[in-house]
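Chain by chain, the residues:
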Amino acid sequence: MAEEISKVYDSGAVESKWYARWQEADCFRADASSDRPAYSIVIPPPNVTGVLHLGHVLNNTIQDVLARRARMEGKEVLWLPGTDHAGIATQSVVEKALRKNEKKTRRDLGREAFLERVRQWKDEHGGIIIKQLKRLGCSCDWSRERYTQDEDYVKAVLEVFVKLYEDGLIYRGKRMVNWCPASQTALSDEEVIKKSSKGYLYYMRYEIVESPGEYLEIATTRPETLMGDTGVAVHPKDPRYQKYIGKHCWRPFPRQEIPIVADEHIDMEFGTGVLKVTPAHDKADFEIGQRHGLEVIDVLNPDGTLNAHAGPDFEGMDRAEAREKAADRLEELGLLIRREDYANEVGYSERADVPIEPRLSLQWFLRYPSVPEATQAVADGDITFRPERWRKTYGHWMENIQDWCISRQLWWGHRIPVWYPKDRLKEIQSGELNEDDVRKLVHVGTEPPSDPENWIQDEDVLDTWFSSWLWPFATMDEATRAKFFPTSDLVTGPDIIFFWVARMIMASYTFQGELPFRNVFFTSLIRDAKGRKLSKSLGNSPDCLNLLDKYGADGVRFGLLRIAPTGADIRYDEDRMKEGRNFATKLWNAVRFRQMQTPVSADVTPGDPDIYALDILGKLNDLESKLETAYANYRFNDIANHLYEFFWSQFCDWYLESVKKDLSDEAEPAAKAATLRTLDEVYQRFLKLLHPFMPHLTEELWERLGFSQEGDFLMRQPLQGPPAEWDETAGAEARTRVAAIHEATGRARNLKAEYQLASSRDVRFVLKPTVPWITEEVDTFALLVGASAIDVDESYQPDKGVPAAVTEVGELYMPLDGLIDVEEEAKRLEKEITKVAQELEKADKKLSNPNFVERAKPEIVDEHRQRRADWQKRLQQLKEMLANLKGS
């Protein structure tokens, strides 16, 4: 045996020790020249300046489990790590600090000076999450760590832009986009989150120009944009308004005549069936305006305040404030009819968490490439989604895919590689030139024009996801791709199925000619006990580093995966992290128990395995088979629960208790040697199975038990499986016998508990056997029951009233002589019978009430019926016990 195991498990010391040793020995490095079968997985790159949250812990633990399991299956494993530059998030933080500390904007500094500030901030705060992933135990190949601003990665991004532009898939156009007033940039549809919002529906009236005193009633949620109204629309078949079509009405302020048009887009059932048309501030309105040649008047500044077009009373005012002022102004003019409470879905910026604005803007767009191939790959099962329901979600999005707005009005990111001639810049920026004319004028390339002084580069950068969609292959060199691409698995959240997963599939088919990965596992959403999504704003998101300090990385990993059912949300409970730590402690103490056993002389030949050894080894075989099935189906919580159940219940609670007599100083040396051999086989095989979930602890115990050779690691060991000489027939017979003993043990323990003797070791049982082999196992049977003795007597005739149970090994009797005070026990039983009878009466009364039965929820009624049945059963049991006692 190796170094003695301490009484207390110090997770922090063990985890830091082994992670350092793994790294020193290059255990995580992938060899692209290896002839072993490849397994590869790329990490979803976290924000370079991010910090670990519980979603990261779940996602990366699953990836680590897959990577470590694959190594033990004999595969050459590449787990490729890296980080994302996070354009909007990173720039927003630096801009906020700049405003707060220096009262300056990025434009005050200028582009290069501002970008230098961002790089400084990234250098100061970046890399934290990588250290935290190492603290979690992630076995990534850190020698291949990538960053989306690495020089060669930037080059790949720009080359892709140029290629897609040359293929006619990237174009520039003036379109209605989602605009974030906080970040002051365009967003794609996927970056907009719909939220239920409570507000008002404002009913107002516009006067008919041709018929003074006659009005059209209009309902709107946004009176603050009416200054940009350039028309009013009704449905051509709406009989209420047909007479007004072609006429005009007065826009209240600034007062102006605007036309009344007929458009089939109008919903006659919504509001009054009349729509004020604001082409600059609503996508549907813009389309109506285009069909009817309406003027486009933008009344909002990029930051969401109102501009000069809104009039001097509103200029500079925030849009929310302007909404109330516009309503008040309408009321002053006698044009506001009423306000009604109204709830609707409002689009919010995913990053900034503010309502977005539809905004007409000149942006760069991508017509998605390889859509048929990407759609078919998932539909045909070439790429497997788990859980499968996400396949339908993906398919629906692919069928309704819209061009991707890829430009962002930021400075931090991959600058768009397009240059405009200075002498034609104003003309180009007007958006009035058609696409073909623009293409003739601009320079698009990874390098600037040869005469850069005559050109100016596009100010915008590419959407961060435009770099991330290349991640599975742009992170690898040619040799690495030859070995490890396509990758084996992708583990990610379903919230980025469109942002990232779908786009990676399209990019891979476009630039590599094949799929990027074969399996996609979507992790569960983590919620609190009340069902709310974890978030900092709600204060319900735990500090992950604190959890790792309290429960150890292995404890958190194991505890979290036990409550992560495939396809269902996780209800986070810190107690489960505590259970993970407790399981680590249980394993530590069980191995310590093994180490404390005095060795048997090497001259002693171990005896044949007894039925308890064959039983636990058979269950270990079953465990390996269950885990293989669960891994194949990506059921990580099942794996964790199978591991927990085997070790805690089958091994510790049953097997170790069964063999304690064989480990005593009085035991036969051959029997003790056989038991120690079985213990070591179980520990060896179980530590290998547990290693992907609890890597540090298992590595430590592997060494402490003396299983490791010099310079070797558990993480490099192959999975073991049953020995070649395993006798399935003998194992099955042994398991049948042990199961019968366990069943009888449970019944005997129940008898003791019924008479308040659960902890007593003085209880003697008598067994009338029905199977001959039980006589050989009676000492172990008594040990498990906690009895002073179990006498086997085929002719035993019990006195009347002796408690008894029918078991799979025979009739079991528990004579009470000298164990209890019969008179006192009778009083106790009578008291309990009275109490149970009262509870039963309450249940009967409740269920006999028609109002309760008819009005309560069915599940509540069923619960009360079950409660009544339980009380009835308990009452019958107590009465029988009292009758037996009085008859004894």
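Residues numbered from 1 in each chain as written. Predicted model: local features only at pLDDT ≥ 70, side-chain atom pairs only at ≥ 80, totals over all residues. Heavy atoms only, no water.

### Details of the overall build of the protein chain
- A tally of helices and strands in the protein chain yields 28 helices and 29 strands.
- Scaling as 2.2 N^0.38, a compact globule of 888 residues should have a C-alpha radius of gyration of about 29 Å, whereas the protein chain reaches 37 Å, well beyond that.
- Along the first, second and third principal axes, the C-alpha atoms of the protein chain reach 115 × 75 × 55 Å.
- Going through the 888 residues of the protein chain one by one, you find that 52% of them count as buried.
- Across the protein chain, contacts joining residues at least 24 apart in sequence account for 79% of those joining residues at least 6 apart.
- Here the protein chain displays about 40800 Å² of accessible surface, and carbon together with sulfur accounts for 46% of that area. (Helix = DSSP H or I, 4+ residues; strand = E, 2+ residues; numbered from the N terminus. Rg over C-alpha atoms; globule rule 2.2 N^0.38 Å. Buried < 20%, exposed > 50% of the residue type's maximum accessible area, 1.4 Å probe, protein only. Contact = heavy atoms within 4.5 Å. Areas by Shrake-Rupley, 256 points an atom, 1.4 Å probe, with all protein chains shown as cover.)

### Looking at the sheet that holds strand E13 (residues 336-349)
- One open sheet accounts for three strands, arranged E8-E7-E13; its pairing is antiparallel. Of all strands in the sheet, those bounded by a partner on one side alone are strand E8 (215-220) and E13. Each strand axis lies, on average, 20° off the axis of its neighbour in the sheet, ignoring direction.
- By the bridge criterion, six bridges tie strand E7 (residues 192-207) to E8 in an arrangement that is antiparallel. Directly across from Arg 205, in E8, lies its bridge partner Glu 217.
- Strands E7 and E13 of the sheet are contacted by helix H9 (residues 319-332), whose axis makes an angle of about 160° with E13. (Pairing = 2+ DSSP bridges. Axes fitted to C-alpha atoms, helices over the stretch in contact; angles between N-to-C directions.)

### A look at the state of the cysteines
- Taken as a whole, this structure holds zero disulfides when the rule is applied.
- As a non-bridged cysteine, Cys 544 has Cys 138 as the owner of its nearest cysteine sulfur, 12 Å distant. (Disulfide = S-S within 2.5 Å.)

### Structural notes on the environment of Glu 357
- Tracing the backbone shows Glu 357 in strand E14 (residues 357-366).
- Owing to a relative accessible area of 4%, Glu 357 belongs among the buried residues under this scheme.
- Put simply, Glu 357 and Leu 882 are 525 residues apart on the chain and 78 Å apart in space, counted from C-alpha to C-alpha.
- In contact with Glu 357, not counting residues within four places along its chain, are Val 177, Asn 178, Trp 179, Pro 181, Arg 222, His 281, Leu 300 and Arg 319.
- Within the local environment of Glu 357, its side chain forms a polar contact with the side chain of Arg 319, the two groups lying 2.9 Å apart. (Polar contact = N/O pair within 3.5 Å; in protein donor to acceptor, adjacent residues only side chain to side chain.)

### A word on unusual backbone geometry
- The step from Phe 253 to Pro 254 runs through a cis peptide bond, and the omega angle for that step is -20°.
- A positive phi angle, near 50°, is found at Ala 86, a position not held by glycine.
- Here Ala 86 lies in the loop between strand E3 (82-83) and helix H3 (87-102).
- Positive phi, normally seen in glycine, also occurs at Asp 353, with a value near 60°.
- Structurally, the position occupied by Asp 353 is in the loop between E13 and E14.

### Focus: the packing of aromatic side chains
- Scanning all chains against the criterion turns up 42 aromatic pairs.
- Pairing Phe 466 with Trp 469 gives two aromatic rings, centres 5.5 Å apart and planes at 40°, and the pair type is tilted. Residue Phe 466 shares its accessibility class with Trp 469, and that shared class is buried.
- Each ring, one from Phe 583 and one from Phe 647, has its centre 6.1 Å from the other, and the planes form 85°; the classification is edge-to-face. Taken together, the residues span a long stretch of sequence, with Phe 583 in helix H19 (residues 574-596) and Phe 647 in helix H21 (residues 636-658) at a distance of 64 residues.
- Accessibility expressed as a relative area gives 0% for Phe 583, which makes it buried.
- For Phe 647, a relative accessible area of 0% puts it in the buried group.
- Of the aromatic side chains, those joined through ring pairs into one cluster are Phe 558, Phe 583, Tyr 644, Phe 646, Phe 647, Trp 648, Phe 651, Tyr 655, Tyr 683, Phe 686 and Phe 693.
- Above the ring of Trp 22, the side-chain terminus of Arg 68 is found at 4.5 Å from the ring centroid. (Phe/Tyr/Trp six-rings, centres within 6.5 Å; stacked < 30°, edge-to-face > 60°. Lys NZ or Arg CZ within 6 Å of the ring centre and 35° of its normal.)

### Observations regarding helix H18 (residues 544-562)
- If you check H18, its first and last C-alpha atoms are just 17 Å apart, much less than what 19 residues at 1.5 Å a residue would give, namely 27 Å.
- At Tyr 551, H18 shows its strongest bend, of approximately 100°.
- The buried fraction of H18 amounts to 15 of the 19 residues, a majority that puts the element mostly inside the structure.
- For H18, the N-terminal capping position is held by Asp 543, with its side-chain oxygen 3.0 Å away from the main-chain nitrogen of Leu 545. (Expected span 1.5 Å × (residues − 1). Bend = angle between axes of the 7 residues up to and from the residue.)

### Considering the nonpolar core
- Among the nonpolar cores identified, the biggest contains 135 residues, and Leu 643, Phe 647, Phe 651, Phe 693, Phe 765 and Phe 781 are the most heavily contacted of them.
- Among the elements that make up this core, the one with the highest residue count is H21 (twelve residues).
- Non-local contacts of Phe 693, meaning those with residues more than four positions away in its chain, are made with Val 65, Asp 554, Arg 557, Phe 558, Leu 561, Tyr 631, Phe 636, Ile 639, Ala 640 and Leu 643.
- In terms of nonpolar packing, the next biggest core, distinct from the first, is built from 63 residues, Leu 80, Ala 156, Trp 364 and Val 378 among them. (Core = buried A, V, L, I, M, F, W, Y, C linked by side-chain atoms within 4.5 Å.)

### Some thoughts on the side chain of Asp 463
- Relative to the elements of secondary structure, Asp 463 occurs in the loop between strand E21 (461-462) and helix H14 (464-468).
- The buried category is assigned to Asp 463, whose relative accessible area is 2%.
- At 3.0 Å, the side chain of Asp 463 forms a polar contact with the side chain of Trp 404.
- In this view, Asp 463 contacts Glu 191, Trp 404, Cys 405, Ile 406, Arg 408 and Arg 503; residues no more than four positions away in its chain are not counted.

### What about the sheet that holds strand E20 (residues 455-457)?
- Within the open sheet, the three strands sit side by side as E19-E18-E20. Their pairing is antiparallel. In this open sheet, the two strands that pair with only one neighbour each are strand E19 (443-444) and E20.
- With two bridges connecting them, strand E18 (residues 418-421) and E19 associate as antiparallel partners. The residue of E19 that forms the bridge with Val 418 is Val 444.

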